[in-house]
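Commentary on secondary and tertiary structure
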Amino acid sequence: MATGSDRVAVELCKGINGLDKVVLRESRGSSVEVYLYGGQVTSWKNDHGEELLFVSSKAIFKPPKAIRGGIPICFPQFGSHGGLEQHGFARNRVWSIDTDPPPFPTVSSNKAFIDLILKPTEEDMKIWPHSFEFRLRVALGPGGDLMLTSRIRNTNADGKPFSFTFAYHTYFSVSDISEVRVEGLETLDYLDNLQSKERFTEQGDAITFESEIDKIYLSTPTKIAILDHEKKRTFVLRKDGLPDAVVWNPWDRKAKAMADFGDDEYKHMLCVEAAAVEKPITLKPGEEWRGRLELSAVPSSYCSGQLDPRKVLLSS
Ligand SMILES: O=P(O)(O)OC[C@H]1O[C@@H](O)[C@H](O)[C@@H](O)[C@@H]1O
């Protein structure tokens, strides 16, 4: 679990309700918390100690309910796109620390990181009859960037392929949803979950929010930006292996209907989820899929239409 550098720290400790969690710290002060329950990131703080992810004040940190907030992992099914429980079962299983993960091509020596692994139990195989190894690396870069890499391998001994859909269901913390704009999804096709998953095309403007939204944008660019005017903060998502992007905010009526979500909390969160939904991923035995998400939070002095994260980063 050591990271090979004394500038970063990795600590295993107890979280809410005695659940195991891992805390990653970087010398400039940024940090990340990951619960083994769900393999779920529940906190990402910048070097000023400001929380960048949303977790509901009513989140239930107790199996079998998934934790409401942070970055739940949706696997092997996103949403209700299949016969399994909503968003699959990975988000409410207890993951293990992977002490001997297969090497990554890139060197991680300047990052704090933790490797987790999920393998199906006999009970899991009754509901999804496939053997797999799901390795998740959560890493915190020296500048406070958060990186998640999922490696999913088909370990079926019966020669059978399997297919799955996937999402990093990221809940971003925002000052006021009505002051937020998402850039990078304009003019794209999407499936609207609020209209029986029917396909539409988005208009040319950046996306803003004034009511419930639940859309799956298809074949999106690898970079998406969330601009929070009030906070003067821009989140930049970079993704790889994840063509789609889900945008979700329950708004007031659905918020009230959720037991683990405060009535007004919809104002302070936005889910933008790097995903593979429209075209399920299929793996033959022995094959591995990789899906990567990189998040940065930068001060925004950023104008509409300039979706160039290099400029965003240089302006910080
Ligand atoms: O309440 P859950 O199962 O965590 O799901 C929350 C939302 O997650 C989003 O990703 C879905 O698109 C929504 O349809 C869903 O309501």
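First, a word on what this report is: a plain description of the structure on this page. On a predicted model such as this, the values are computed, not experimentally measured, just so you know.

Calculation notes
Residues numbered from 1 in each chain as written. Predicted model: local features only at pLDDT ≥ 70, side-chain atom pairs only at ≥ 80, totals over all residues. Helix = DSSP H or I, 4+ residues; strand = E, 2+ residues; numbered from the N terminus. Rg over C-alpha atoms; globule rule 2.2 N^0.38 Å. Near = placed C-beta within 6 Å. Nonpolar A, V, L, I, M, F, W, Y, C, P; charged D, E, K, R; others polar. Core = buried A, V, L, I, M, F, W, Y, C linked by C-beta atoms within 7 Å. Buried ≥ 20, exposed ≤ 12 C-beta atoms within 10 Å, placed from the backbone. Contact = placed C-beta atoms within 7 Å. Pairing = 2+ DSSP bridges. Axes fitted to C-alpha atoms, helices over the stretch in contact; angles between N-to-C directions.

Time to look at the overall build of the protein chain. Secondary structure assignment for the protein chain yields three helices and 20 strands. For the protein chain, the C-alpha radius of gyration of 19 Å lies close to 20 Å, the compact-globule estimate for 316 residues. Seen along its three principal axes, the alpha-carbon backbone of the protein chain occupies a region of about 50 × 50 × 35 Å.

A separate point is the site of the ligand. Near the ligand, the surroundings consist of Gly79, Gln86, His87, His169, Asn193, Asp214, Val246, Trp248, Cys271 and Glu273. Looking at the shell around the ligand, the elements with two or more residues in it are strand S18 (244-249) and strand S19 (269-283). A breakdown of the residues in the shell around the ligand according to their chemical character gives three nonpolar, five polar and two charged.

Before going further, it helps to spend a moment on the nonpolar core. Counting 83 residues, the largest nonpolar core has Phe172, Val247, Val272 and Ala275 as its most contacted members. Residue contributions to this core peak at eight residues, all from S19. With residues up to four places along the chain from it excluded, the contact list for Phe172 reads Leu53, Phe54, Ile226, Phe235, Met269, Leu270 and Val272.

For Leu237, the position within the fold is in strand S17 (residues 233-240). Judged by the 26 C-beta atoms lying within 10 Å of it, Leu237 is buried. Sequence separation between Leu237 and Asp124 is 113 residues; the distance between their C-alpha atoms is 32 Å. Apart from the residues lying within four places of it in its own chain, the contact partners of Leu237 are Lys223, Ile224, Val272, Ala274, Leu293 and Leu295.

The strand order S6-S7-S8-S9-S20-S17-S16-S12 describes an open sheet built from eight strands, whose pairing is antiparallel. Whereas interior strands pair on both sides, the edge strands pair on one side only; in this sheet they are strand S6 (96-97) and strand S12 (180-183). Here four bridges tie S12 to strand S16 (residues 223-228), and the two strands are oriented antiparallel to one another. Bridging across to S16, Val182 finds its partner in Ile226.

In space, the four strands of this open sheet follow the order S1-S2-S3-S4, with antiparallel pairing throughout. Each of the sheet's edge strands pairs with one partner strand only, and the pair in question is strand S1 (8-14) and strand S4 (40-45). Pairwise comparison of adjacent strand axes, ignoring direction, gives a mean angle of 15 degrees for this sheet.

Looking now at the pairing of S1. Two elements, S1 and strand S2 (residues 20-26), share seven bridges in a ladder whose sense is antiparallel. From the neighbouring strand, Cys13 faces S2, where its bridge partner is Lys21. Counted along the chain from S1 to the antiparallel partner S2, the turn is five residues long, and its residue Asn17 has a positive phi close to 60 degrees.

What follows is about the environment of Thr99. Secondary-structure assignment places Thr99 in the loop between S6 and strand S7 (112-118). A C-alpha to C-alpha distance of 9.2 Å links Thr99 and Ile117, two positions 18 residues apart in sequence.

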